[in-house]
Each structure stands twice: as C-alpha cells, then as structure tokens.
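An overview of the molecular structure
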Amino acid sequence: SRKAAIKESKKLGKDYELLAELTSYYGVRDQEVNRSRRTKGEIVKQDQESGKWYLDFTKKGEEQIAKKARKKTVPRIIWIDADIAKRLKSFLETAEPLKAKENWTAKLNRALKPIFGKKETIKDVRKRLETRTWDLTDREYRLMKWMHGHDVKKVPAGYEGLPLPEFLAVQKSIREKMKYK
C-alpha cells in the first residue's frame, strides 16, 4: 500500500520519506523526482496571489526536467500541500545534488522490494494513487491523468487558460476527492 511504502521510506531518512510522498500522494514520476534533486529547490514555488504551493515542471520552470522526461510526460504544474512543499524546498536547497548517474529512487525501490515483491515499487505505488478516482467526474479524471504526466499532450479542455490560483485550486480539489493521503 501507499502508506506502507511511506512508513518504510521513513526508516531510510527524511529525503526518502519526501520521495515516497511525492510519488504516492502527487503522482510525480521517478525521473522528475531524480532530476529535482539537481535543482536546489527552484521547482518548488508558491503562488503569490493564493499562497498555494506547487511543483513547476514547465519548460519555463525547470527546463532540464521537461527536456529529459519521457516523451509521454508533459511539462506541467502540480499542486502540493504547504507542509510537503516547505520540507521539500528546504531539503533540496541543502541536499547534495545527485551525480549524473545517481538515482534517488533506486535505493528506495531496493528497500521496498522485499515488502512488496516488485522491482519498481515506487512506480507501482504511484499507479495505485490513480485507482482512487471513484468520485471524479470524467473531466476531473482527464485532468488527474494530465497531473500525473500521461495520457494527454496538453491541458485537458476546459482547464486551459485558467489563472494559476484557480488551476491550483482545481488540482487541490481533485486530490481531496481522491483522498490522496
């Protein structure tokens, strides 16, 4: 389960707890999480108008992540709650950046393999989040898939052009409907 993955990750340290939360609660992809370790926290932002926090995986926000992510992954903005945003920003600002071939998710995957019996447990945990869609409308479901970086090439119809505070509010409401924590 997602909760078991987070519980086990705590044993490895705060950085691995953050990693498990990003993938389990927000559907952030492995390669994005790994590359975020090289940003010194610049991708963690707060909207000045609404005060909401988000990860900025747009070309403008974090060029390297957008360029190197899987072809199906679209550059996007992902709402995250204030607690994890502040912890993540603080960690990234002070963490040793990963070397070019280092993989933040590999250690956690190895630690979780005996528990879950899967080589890529973090990927599986992220996919489990996507099953929590029973209360979403079709429109919200399409945005959730976009928030997870697949199944679409652009923001779903009806959401494009929304001001950032409204867009983050919609994402937050979707997460809450999914009972993401």
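Residues numbered from 1 in each chain as written. Predicted model: local features only at pLDDT ≥ 70, side-chain atom pairs only at ≥ 80, totals over all residues. Heavy atoms only, no water.

**Digging into the pattern of salt bridges**
- Within the structure shown, the criterion is met by eleven salt bridges.
- We note a salt bridge from Glu-21 to Arg-87, for which the minimum N-O separation is 2.6 Å. Of this pair, Glu-21 sits in helix 2 (residues 14–26) while Arg-87 is found in helix 5 (residues 82–94), placing the two residues 66 residues apart along the sequence.
- You can call Glu-21 buried: its relative accessible area is 8%.
- On the basis of relative accessible area, Arg-87 is assigned to the partly exposed category, the value being 29%.
- Bridged by salt links that share partners, the residues Glu-21, Asp-83 and Arg-87 form one connected network. (Salt bridge = Lys/Arg side-chain N within 4 Å of Asp/Glu carboxyl O. Helix = DSSP H or I, 4+ residues; strand = E, 2+ residues; numbered from the N terminus. Buried < 20%, exposed > 50% of the residue type's maximum accessible area, 1.4 Å probe, protein only.)

**A closer look at the packing of helix 1 (residues 2–12) against helix 6 (residues 104–116)**
- Relative to each other, helix 1 and helix 6 sit at 130 degrees, their axes nearing to 10 Å. Considering the angle they form, helix 1 stands oblique to helix 6. In the crossing of helix 1 with helix 6, the sense of the turn from one axis to the other is right-handed. Along the contact surface, helix 1 presents Ala-4, Ala-5, Glu-8, Ser-9 and Leu-12, while helix 6 presents Lys-107, Leu-108, Ala-111, Leu-112, Ile-115 and Phe-116.
- When the residues that make up the contact of helix 1 with helix 6 are grouped by side-chain class, the tally is eight nonpolar, one polar and two charged. (Axes fitted to C-alpha atoms, helices over the stretch in contact; angles between N-to-C directions. Parallel < 35°, antiparallel > 145°, perpendicular 65-115°, else oblique. Left-handed = near helix turned anticlockwise from the far one by under 90°. Contact = heavy atoms within 4.5 Å. Nonpolar A, V, L, I, M, F, W, Y, C, P; charged D, E, K, R; others polar.)

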